[in-house]
Amino acid sequence: MNNITNLYSRLPKIDQILLSEKIEELFKISSREMVTEAAREVIAELRESISNKNLTLEDLDYRISRVTDDIEQKVKIAIKPRLRRVINGTGVVIHTNLGRSLINRETMEYITEIASNYNNLEFDLENGSRGSRYSHLEDTIRKITGAEAALVVNNNAAAVVLVLSSLAKGKEVIVSRGELVEIGGSFRIPEVMEQSGAALIDVGTTNKTHLVDYENSIGDNTAVLMKVHTSNYRILGFTESVSLEELVGLGQKCGIPVIEDLGSGVLLDLSKYGLQHEPTVQESIKAGVDIVTFSGDKLLGGPQAGIIIGKKKYIDLMKKHPLNRALRVDKFTITALESTLKMYLSEEIAVKKIPTLRMLTMTQEELTSKAEKLLLEIDQKNLDKLKIKITDDFSQVGGGSMPLEQIPTKCIMIHSDEISITSLEKNLRSYNTPIITRIFKDRLYIDLRTVDEYEFNEVAEGLKFALENILKE
Ligand SMILES: *Cc1c(COP(=O)(O)O)cnc(C)c1O
């Protein structure tokens, strides 16, 4: 029989542990303090197990033999970044919780080149004098959109705040009641308006707003007529809204600027690719709007950014506004956005290279062939507790864009009579590269639209890992 004091005396001393070879290796990847702390934790956990009397002598000796491994694991977890790559099996292309739009790999190389070296972010190479960080983007944006001038800030929410603060502070902004949008993450038009020091005048009703509603509300204090794209919802049925053209007409007649928050920032006609038509940035400029704002990382497919384009006299005001300095973008954003925008100079290249567009325009043949390949990889793992087949389903655009769009897709569908599908989903999430999937009616779905071929092996390995974990429980 062992008494407890006897067991405690078997525990190695911290100083002693720190001298071992394995721990020596840890000092190369972490600090002495961190390793010592991890060692203290491991020993404290052992002491606790002893005091709880739930250890046999064999158990204890086994755990003592693993002390350095446990310390190593603790240190490695502590230094590992919390933000990690995941596999998106949900079929939601612009998944706000999973990082929205993906950046193309060539662009990432360009970012490495720029950000790991000095660069001409604010340097005019021709004159050898100070330059503007915005100059790199402005010409390209003007060329693609047809706008007179452009400015880029941190995100579209910031863009709207900057526009309203510059043009409407202390004055009134007229918006249709049907367009008082709330976007995820607490962006609400009435609150943004308040933040910007502008007074919201909402006109019309939820389902119907007429031009005369705007007209009747225009007064001496009206600074702006605003249109907000209802990007994440639709009002259907007995409805009427005023077109951008009509609003621009009214604005011009009364000498009041018209601004539009477009949300998604579509730069090409998606209806060509079988999706519904989503208003493009170019259409807004053509309609004569004074200012348009849109996101960089929704349907545009670039980095997080808010892009403001339109009449030069207004953009100049925003460039000089003190808020602009607080909302400014850094070199990562500028590099990624410039590279993404340059792809739009050829629509064919944009659709092929920008991951968001590429995923949204993937053909049924391609999806089927991907599904067959993934199924083959999974079959090789002999996971006979799982019933796996290819099925038709629908993907979503996501990111609060095109909420009604149901894009036909192919999925791997997994069912089982022997294990719980809920725990399969959970275990896939705890895989080394977490795999995020969707459950519907006790079946697990992996949508091929958002999973790339280089991830197939990981998905198959992940399923094997998850199944083994469940069977161990
Ligand atoms: C998404 C969206 C925003 C916010 O854009 P972020 O880039 O997420 O800040 C604002 N307005 C509309 C209409 C949107 O769809």
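Relevant structure appears above.
Below or above, wherever it landed, is the structure these notes cover. Fair warning: this is a prediction, and the values are worked out from it, not measured in the lab.

### Quick word on the overall build of the chain
From N to C terminus, the chain includes 21 helices and 18 strands. For the chain, the proportion of its 473 residues judged to be buried stands at 48%. Across the chain, contacts joining residues at least 24 apart in sequence account for 75% of those joining residues at least 6 apart. For the chain, the accessible surface area stands at approximately 24000 Å², while carbon and sulfur atoms represent 49% of it.

### What to know about the site of the ligand
As a matter of local geometry, the ligand sits amid R100, N155, N156, A157, I183, F187, H229, S231, D261, G263, S295 and K298. A157 is positioned with one of its backbone polar atoms (N or O) 2.9 Å from an oxygen atom of the ligand. One of the side-chain nitrogen or oxygen atoms of K298 is found 2.8 Å away from an oxygen atom of the ligand. In the complex, 95% of the free accessible area of the ligand, which totals 380 Å², lies under the protein chains. Looking at the shell around the ligand, the elements that each hand over two or more residues are α9 (156–168) and β11 (258–263). Here the residues of the shell around the ligand are counted per class, giving three nonpolar, six polar and three charged.

### Topic: unusual backbone geometry
We note that N382 has phi near 50 degrees; this positive angle belongs to a residue other than glycine. Mapped onto the fold, N382 is located in the loop between α19 (364–379) and β14 (387–398). Given a relative accessible area of 61%, N382 falls into the exposed group. A positive phi angle, near 50 degrees, is found at K441, a position not held by glycine.

### Focus: the sheet that holds strand β17 (residues 438–440)
Read from one edge of the open sheet, five strands run β2-β14-β15-β18-β17, paired in mixed fashion. Of all the strands in the sheet, just β2 (92–94) and β17 have a single pairing partner and so form its edges. The mean inter-strand angle of the sheet, taken between neighbouring strand axes irrespective of direction, is 40 degrees. Here β14 runs beside strand β15 (residues 407–415); their pairing, made up of nine bridges, is antiparallel. The residue bridging K389 from the neighbouring strand is M413, located in β15. Where α19 meets the sheet, its contacts fall on β14, β15 and β18 (443–447), and the angle it forms with β15 comes to roughly 15 degrees.

### With respect to the nonpolar core
Core analysis: the biggest nonpolar cluster contains 112 residues, and M226, I308, I309 and L424 have the highest contact counts within it. With eight residues, the top contributor of residues to this core is α9. Here this core spans two domains, and each of domain 2 (105–353) and domain 3 (360–472) adds at least three residues to it. If near-sequence neighbours (up to four positions away) are discounted, I308 is found in contact with A149, A150, L151, V153, A159, L162, V163, I291, V292, T293, I315 and M318. L11, L18, F27 and I50 belong to the second-largest nonpolar core, a separate cluster that totals 21 residues.

### Section: the pairing of strand β6 (residues 172–176)
With four of five residues buried, β6 lies mostly within the body of the structure. Pairing between β6 and strand β9 (residues 199–203): five bridges, direction parallel. Bridging across to β9, S176 finds its partner in V203. Bridge count between β6 and strand β10 (residues 222–228): four bridges; the pairing is parallel. Paired with V175 across the bridge in β10 is M226.

### Brief notes about the pairing of strand β5 (residues 149–153)
Within β5, five of the five residues are buried, which leaves the element mostly enclosed by the surrounding structure. Alternating positions in β5 separate into two faces, A149, L151 and V153 on one and A150 and V152 on the other, with burial throughout.

### A few points about the environment of Y314
As for its position among the elements, Y314 is in helix α14 (residues 312–320). Measuring from C-alpha to C-alpha, the distance between Y314 and E182 comes to 26 Å, with 132 residues separating the pair along the chain. Beyond its immediate stretch of four places on either side in the chain, Y314 contacts L167, P257, D290 and I291.

### Some words on the pattern of salt bridges
Tallying each qualifying case throughout the model produces 37 salt bridges. As a salt-bridge pair, E240 and K208 come within 3.6 Å of each other at their nearest N and O atoms. Of the two residues, E240 is situated in the loop between β10 and α12 (244–254) and K208 in the loop between β9 and α11 (211–217); the sequence distance between them amounts to 32 residues. Look at E240 and you get partly exposed, because its relative accessible area is 36%. With its nearest N and O atoms 2.4 Å apart, the salt bridge here joins D392 to K410. Within this pair, whereas D392 is found in strand β14, its partner K410 is found in strand β15, the two being separated by 18 residues in sequence. The exposure class of K410 is buried, given its relative accessible area of 16%. By sharing partners, the salt bridges in this structure join K22, R66, D69, D70, E72 and K76 into a single network.

### Structural notes on the sheet that holds strand β13 (residues 306–310)
Spatially, the seven strands line up as an open sheet ordered β5-β13-β12-β11-β10-β6-β9, and their pairing is mixed. Taken across any chain shown, the strands that pair with only one partner, and hence form the sheet edges, are β5 and β9. On average, adjacent strands in this sheet sit at an angle of 25 degrees to one another, irrespective of strand direction. Judged from the five bridges that link them, β5 and β13 form a sheet pairing that is antiparallel. For A150, the partnering residue across the bridge sits in β13 and is I309.

Conventions used here
- Residues numbered from 1 in each chain as written.
- Predicted model: local features only at pLDDT ≥ 70, side-chain atom pairs only at ≥ 80, totals over all residues.
- Heavy atoms only, no water.
- Helix = DSSP H or I, 4+ residues; strand = E, 2+ residues; numbered from the N terminus.
- Buried < 20%, exposed > 50% of the residue type's maximum accessible area, 1.4 Å probe, protein only.
- Contact = heavy atoms within 4.5 Å.
- Areas by Shrake-Rupley, 256 points an atom, 1.4 Å probe, with all protein chains shown as cover.
- Near = heavy atom within 4 Å.
- Polar contact = N/O pair within 3.5 Å; in protein donor to acceptor, adjacent residues only side chain to side chain.
- Nonpolar A, V, L, I, M, F, W, Y, C, P; charged D, E, K, R; others polar.
- Pairing = 2+ DSSP bridges.
- Axes fitted to C-alpha atoms, helices over the stretch in contact; angles between N-to-C directions.
- Core = buried A, V, L, I, M, F, W, Y, C linked by side-chain atoms within 4.5 Å.
- Domains from an automatic or database assignment.
- Salt bridge = Lys/Arg side-chain N within 4 Å of Asp/Glu carboxyl O.

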